[in-house]
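# Understanding the architecture of this molecule
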Amino acid sequence: MLEQNIIKPLYQQLMDAIIENIKNGTYKAGDKLPTETELEAAYNVSRITVRRAVKELCDKNILVKKQGKGTFVADRSKDKINLS
């Protein structure tokens, strides 16, 4: 669950949670992430928050959006992307 009453924006907290799930193996390269609706419900945040977090992670090449299919964890083995 994300903390509503701290200074760090919710979208950054959600980004951190997704990255942590990638690091701990919950999501592996090529895995499909839950839908926006499922992420909203799981983290109790708005769709705007989910979209911002996903966009930022896509911009960092951590996630990849595939039109009509969903959002997937990027294959980091080729690029050696840093999840810090």
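Residues numbered from 1 in each chain as written. Predicted model: local features only at pLDDT ≥ 70, side-chain atom pairs only at ≥ 80, totals over all residues. Heavy atoms only, no water.

This part is about the environment of Lys55. Among the secondary structure elements, Lys55 is positioned in helix H3 (residues 47-59). Sequence-wise, Lys55 and Met15 are 40 residues apart; in three dimensions their C-alpha atoms are separated by 9.7 Å. One polar contact links Lys55 to Asp59, side chain to side chain, over a distance of 2.8 Å. (Helix = DSSP H or I, 4+ residues; strand = E, 2+ residues; numbered from the N terminus. Polar contact = N/O pair within 3.5 Å; in protein donor to acceptor, adjacent residues only side chain to side chain.)

Residue-level pLDDT values for the protein average 90, and 89% of them are 70 or greater. No element of the protein has a lower mean pLDDT than helix H4 (residues 76-79), which averages 60, and none a higher one than H3, which averages 98. (pLDDT = per-residue confidence, 0-100.)

Once that is clear, we can look at the pairing of strand E2 (residues 70-73). By the bridge criterion, four bridges tie strand E1 (residues 63-66) to E2 in an arrangement that is antiparallel. Paired with Lys65 across the two strands is Thr71, which belongs to E2. Here E1 folds back onto E2, and the loop between the two strands holds three residues, one of which, Gly68, carries a positive phi near 80 degrees. (Pairing = 2+ DSSP bridges.)

A few words on the environment of Pro9. Tracing the backbone through its elements, the reader meets Pro9 in the segment before helix H1 (10-23). Distance from Pro9 to Thr49, taken between C-alpha atoms, is 9.1 Å for residues 40 residues apart in sequence.

Right, let's get into the pattern of salt bridges. This model, assessed by the stated rule, comprises six salt bridges. Of the charged contacts in the structure, one is a salt bridge between Arg51 and Glu36, with a shortest N-O distance of 3.0 Å. One end of the pair, Arg51, is in helix H3; the other, Glu36, is in helix H2 (residues 36-43), with 15 residues separating them in the sequence. Given the relative accessible area of 46%, Arg51 is considered partly exposed. Across the pair Glu40 and Arg47 runs a salt bridge, and its minimum N-O distance is 2.7 Å. Residue classification places Glu40 among the buried residues on the basis of a relative accessible area of 19%. Residue classification places Arg47 among the partly exposed residues on the basis of a relative accessible area of 32%. (Salt bridge = Lys/Arg side-chain N within 4 Å of Asp/Glu carboxyl O. Buried < 20%, exposed > 50% of the residue type's maximum accessible area, 1.4 Å probe, protein only.)

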